[in-house]
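Remarks on the overall topology
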Amino acid sequence: DTAVSQTPKYLVTQMGNDKSIKCEQNLGHDTMYWYKQDSKKFLKIMFSYNNKELIINETVPNRFSPKSPDKAHLNLHINSLELGDSAVYFCASSQQGQNTEAFFGQGTRLTVV
Amino acid sequence: GDSVTQMEGPVTLSEEAFLTINCTYTATGYPSLFWYVQYPGEGLQLLLKATKADDKGSNKGFEATYRKETTSFHLEKGSVQVSDSAVYFCARPSGYSTLTFGKGTMLLVSP
């Protein structure tokens, strides 16, 4: 009965490859997010979706393309992977609106070699 | 813009010591405030929250009081355990439904 689940947990790939990370939530939330955590543990919002619509797209390279097939899923596809993309990527979800807490997945540790 | 500043770590303590991790926020609007905890190899979990001035959030022996006059939300625990070793993040809402996090404070508790 995992609330927010993302797969895979670990992803090691070569530069130039294309990869996807999947995320699903069973909390009935209508807002989902992708965050990136760097090696110093700093968390930065990448994308926010509400009811399958893109709400926030921070200054992320267009090699990163989120896709939300329905309210419960938000996948992240990354083209032409670069060394600097190595990080931990977290999916999260929340109810719509301000002042609501977010629930996080376990994270996907992406290593580009 | 909306931001959160928390003390840099690592904070190194012996078991049963008193813990304080400082957090201050930009005072735009009347945001809820949150503390999240990240144990090694895991995602973030909500530790506690407060929704208005003078509210005290508490959970697992941790407490934080929403202080509007000092724009602070410091995390405290009277007696830390080894199992409390983790990274702690202070956060506030920013924009539409997103959270802005502080840079995280690593806590290391030794037996």
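Refer to the structure above for everything that follows.
To keep things clear, this report deals only with the structure shown in the data block. (Residues numbered from 1 in each chain as written. Chains lettered and ligands numbered in written order. Predicted model: local features only at pLDDT ≥ 70, side-chain atom pairs only at ≥ 80, totals over all residues. Heavy atoms only, no water.)

So, about the overall build of chain A. For chain A, the count of helices and strands is zero helices and 11 strands. Overall, chain A shows an N-to-C arrangement of helices and strands of β-β-β-β-β-β-β-β-β-β-β. A compact globule built from 113 residues would reach a C-alpha radius of gyration of about 13 Å, and chain A, at 13 Å, matches this within 12%. Considering only C-alpha atoms, chain A reaches an extent of 40 × 30 × 25 Å along its principal axes. In chain A, the proportion of contacts linking residues at least 24 apart, taken out of those at least 6 apart, comes to 54%. By element, 48% of the accessible surface of chain A is carried by carbon and sulfur atoms, the whole surface being about 5700 Å². Here chain A contributes 12 positively and 11 negatively charged side chains, and the mean placements of these two sets differ by 6 Å. (Helix = DSSP H or I, 4+ residues; strand = E, 2+ residues; numbered from the N terminus. Rg over C-alpha atoms; globule rule 2.2 N^0.38 Å. Contact = heavy atoms within 4.5 Å. Areas by Shrake-Rupley, 256 points an atom, 1.4 Å probe, with all protein chains shown as cover. Lys, Arg positive; Asp, Glu negative; His and termini not counted. Charge placed at Lys NZ, Arg CZ, Asp CG, Glu CD.)

Attention now moves to the pairing of strand 7 (residues 56-59) of chain B. The side chains of a regular strand alternate between both faces of the sheet. Residue and element names in this part refer to chain B. Note: strand 7 against strand 8 (residues 62-65), four bridges, orientation antiparallel. When the bridges of strand 8 are listed, N59 appears paired with F62. What sits between strand 7 and strand 8 in their antiparallel hairpin is a turn of two residues, with K60 showing a positive phi close to 55°. (Pairing = 2+ DSSP bridges.)

Moving on: the side chain of Q25 of chain A. Residues and elements named next belong to chain A. Among the structural elements, Q25 can be located in strand 3 (residues 19-25). Relative accessible area serves as the criterion here: at 4%, Q25 is assigned to the buried category. There is a polar contact of 3.0 Å between the side chain of Q25 and the backbone nitrogen of L27. Separated by 3.2 Å, the side chain of Q25 and the backbone oxygen of K71 make a polar contact. With near-sequence residues (within four places) excluded, Q25 lies in contact with A3, V4, M32, K71, A72 and S93. (Buried < 20%, exposed > 50% of the residue type's maximum accessible area, 1.4 Å probe, protein only. Polar contact = N/O pair within 3.5 Å; in protein donor to acceptor, adjacent residues only side chain to side chain.)

This part covers the packing of aromatic side chains. Taken as a whole and assessed by the stated rule, the structure comprises 12 aromatic pairs over all chains. Aromatic side chains Y25 of chain B and Y66 of chain B sit 5.8 Å apart centroid to centroid with 75° between the ring planes, which places their arrangement in the edge-to-face category. Of this pair, Y25 of chain B sits in strand 4 (residues 23-25) while Y66 of chain B sits in the loop between strand 8 and strand 9 (75-77); the two residues are 41 residues apart in sequence, bridging distant segments of the chain. Comparing Y25 of chain B with Y66 of chain B shows no difference in burial state: the two are buried. Each residue in the set Y33, Y35, F90 and F104 of chain A together with F34, Y36, F89 and F101 of chain B is aromatic and connected to the rest through ring pairs, giving one cluster. (Phe/Tyr/Trp six-rings, centres within 6.5 Å; stacked < 30°, edge-to-face > 60°.)

Let's shift gears to the state of the cysteines. Residue and element names in this part refer to chain A. For the structure shown, the criterion picks out two disulfides over all chains. Across a sulfur-sulfur distance of 1.8 Å, C23 and C91 are joined as a disulfide pair. Here the disulfide of C23 and C91 is left-handed, its torsion about the S-S bond being about -75°. Of the two residues, C23 sits in strand 3 while C91 sits in strand 9 (residues 87-94), which places them 68 residues apart along the sequence. Of the two residues, C23 and C91, both sit in the buried class. (Disulfide = S-S within 2.5 Å.)

What follows is about the interface of chain B and chain A. With 22 residues of chain B in contact, the opposing surface of chain A contributes 27 residues. Overall, the association of chain B and chain A removes approximately 1900 Å² of surface from exposure, summing both partners, and the carbon and sulfur fraction of that is 55%. Run the count over chain B and chain A and you get one salt bridge. A salt bridge links K49 of chain B to E101 of chain A; the shortest N-O distance between them is 2.8 Å. Run the count over chain B and chain A and you get five residue pairs in polar contact (both at pLDDT 80 or more). Within the side of chain B that touches chain A, the residues separate by chemical class into 12 nonpolar, seven polar and three charged. (Buried area = accessible area lost by both parts, 1.4 Å probe. Salt bridge = Lys/Arg side-chain N within 4 Å of Asp/Glu carboxyl O. Nonpolar A, V, L, I, M, F, W, Y, C, P; charged D, E, K, R; others polar.)

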